[in-house]
Amino acid sequence: MKLSTQIKPISYLKAHASEIVRTLGDRGEPLVITQNGEPKVVLQDIDSFETMQETMALLKILALGNRQIEAGQVQPAADVIARLRERKRDR
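What this report covers is the structure whose coordinates are included nearby. The shown structure was predicted, so the numbers you read here are calculated from the model rather than taken from an experiment.

Calculation criteria
Residues numbered from 1 in each chain as written. Predicted model: local features only at pLDDT ≥ 70, side-chain atom pairs only at ≥ 80, totals over all residues. Heavy atoms only, no water. Helix = DSSP H or I, 4+ residues; strand = E, 2+ residues; numbered from the N terminus. Rg over C-alpha atoms; globule rule 2.2 N^0.38 Å. Buried < 20%, exposed > 50% of the residue type's maximum accessible area, 1.4 Å probe, protein only. Contact = heavy atoms within 4.5 Å. Pairing = 2+ DSSP bridges. Lys, Arg positive; Asp, Glu negative; His and termini not counted. Salt bridge = Lys/Arg side-chain N within 4 Å of Asp/Glu carboxyl O.

A few points about the overall build of the protein chain
Tallying secondary structure elements over the protein chain gives 4 helices and 3 strands in all. Relative to the 2.2 N^0.38 estimate, which gives 12 Å for 91 residues, the radius of gyration of the protein chain is 23 Å and therefore markedly larger than a compact globule would have. Referenced to the eigenvectors of the C-alpha coordinate spread, the extents of the protein chain come out at roughly 65 × 30 × 20 Å. Buried positions account for 10% of the 91 residues belonging to the protein chain. Within the protein chain, counting contacts between residues at least 6 apart in sequence, those at least 24 apart form 33% of the total.

Following this line, the structure appears as structure tokens:
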């Protein structure tokens with residue numbers, strides 16, 4: 001997907017709002033809106049937005065895990081599993 005083909009001025013947004021909404025839903029590609037020749041906002045359909053949010057959440061979890069590994073804040077999986085099984089037996 002090339003964003004350069006998905007750039008429109010704000011006047012286009014004002015004149016073609018319903019068409020833009022329909023197209024965003026069909027294509028799933030974002031649309032960059034410019035104001036005075038400068039990119040200002042990006043419009044996208046809700047499914048693409050939700051997918052992007054889920055992806056970002058997973059990337060944040062991976063980054064946190066990498067930081068914990070680098071800081072030595074890890075334990076062998078076998079130890080953790082053994083502790084969980086022990087807690088389950090104690091209940």
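Structural notes on the pairing of strand β2 (residues 31–35)
Look at any regular strand and the pattern is simple: side chains alternate between the two faces of the sheet. The element β2 is largely enclosed, with a buried count of 4 among its 5 residues. Bridge analysis of strand β1 (residues 7–9) against β2 gives 3 bridges, and the strand direction is parallel. Across the sheet, residue Pro9 finds its bridge partner in β2, namely Thr34. Both β2 and strand β3 (residues 38–43) contribute to a ladder of 5 bridges, which runs antiparallel. Note on β3: the bridge partner recorded for Val32 is Val42.

Things to note about the side chain of Asp45
Looking at the secondary structure, you find Asp45 in the loop between β3 and α3 (46–70). In this structure Asp45 is buried but unpaired, with Arg27 as the nearest side chain of opposite charge at 11 Å.

Spatial relationships are all this shows, so hold off on functional conclusions.
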